[in-house]
Amino acid sequence: MSDAGKIRYNIQGLAIDFPAPTFAHCVATVQVEHLIPLTPDMNVVIETTSEMRTLTLP
């Protein structure tokens, strides 16, 4: 994305927790500068859960 660096944002919060031994859960809250003139800034919440598995070789 060539325009990704042109968007101004402020990180409002970041939380990471581990609900199980193989899961990581992350929530990030950011305020993004308006993309369209005369519109207010946007509050964006991004949430992701990742699972990790390991393989044991004999």
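Preceding this section is the structure that the text describes.
A. A nonpolar patch on the surface, seen in detail. The grouping of Tyr-9, Ile-11, Leu-14, Ile-16 and Phe-18 at the surface amounts to a nonpolar patch, some 630 Å² of accessible area in total. By the secondary structure assignment, Leu-14 is in strand S1 (residues 9–20).

B. Examining the pairing of strand S2 (residues 23–32) more closely. Sheet topology note: the S1/S2 ladder contains 9 bridges and is antiparallel. Bridged to Asn-10 within S2 is Gln-31. From the end of S1 to the start of S2, which pair antiparallel, there are 2 residues. Where S2 lies against strand S3 (residues 42–51), 10 bridges are found, and the strand directions are antiparallel. Its bridge partner lying in S3, Val-32 is registered against Met-42.

C. Representation of the sheet that holds S3 within the structure. Strand order across the open sheet formed by 3 strands is S1-S2-S3, with antiparallel pairing between neighbours. One side of each edge strand has no neighbouring strand; the edge strands of this open sheet are S1 and S3. Between one strand axis and the next, the sheet turns through 15° on average, direction left out of account.

D. Layout of the pattern of salt bridges. Going through the model one piece at a time under the given rule, you end up with 1 salt bridge. Here Glu-51 makes a salt bridge to Arg-53, at a shortest N to O gap of 3.8 Å. Glu-51 sits in the partly exposed class, given a relative accessible area of 44%.

E. Inspection of the side chain of His-25 at higher detail. Checked against the element boundaries, His-25 lands in strand S2. For His-25, a relative accessible area of 16% translates into the label buried. At a separation of 2.8 Å, a polar atom in the side chain of His-25 contacts the side chain of Glu-47. Setting aside its immediate chain neighbours within four residues, His-25 contacts Ala-15, Ile-16, Asp-17, Pro-19, Glu-47, Thr-48 and Thr-49.

Parameters at a glance
- All chains use their own residue numbering, which begins from 1 and follows the written sequence.
- Confidence filtering applies because this is a predicted model: local features only for residues at pLDDT of at least 70, side-chain atom pairs given and counted only at 80 or more, and all residues used for totals across whole chains, interfaces and linings.
- Side-chain descriptors were evaluated using all non-hydrogen atoms of the structure, hydrogens and water having been removed beforehand.
- What makes a patch is a set of residues exposed beyond 30% relative accessible area and free of salt bridges, joined within 9 Å when like-charged and within 5 Å when nonpolar (Val, Leu, Ile, Met, Phe, Trp, Tyr).
- Note on areas: Shrake-Rupley, 1.4 Å probe, and residue coverage restricted to the protein chains presented here.
- We define a salt bridge as a side-chain nitrogen of Lys or Arg found within 4 Å of a carboxyl oxygen belonging to Asp or Glu.
- A helix here means a DSSP run of H or I that spans at least four residues, while a strand means a run of E at least two residues long, and both kinds are numbered starting from the N terminus.
- A pair of strands counts as paired when DSSP detects no fewer than two bridges linking them.
- Helix axes are fitted only over the stretch in contact, all axes being lines through C-alpha atoms; the angle between N-to-C directions runs from 0 to 180 degrees.
- Relative accessibility decides the category of a residue: with a 1.4 Å probe and only protein chains considered, values under 20% of the type maximum give buried, values over 50% give exposed, and everything between is partly exposed.
- Each polar contact in these results corresponds to two N or O atoms within 3.5 Å; when the atoms are within protein, one needs to be able to donate a hydrogen and the other to accept it, and residues that are neighboring in sequence are counted only if both atoms are side-chain atoms.
- Any two residues whose heavy atoms approach within 4.5 Å are treated as being in contact.

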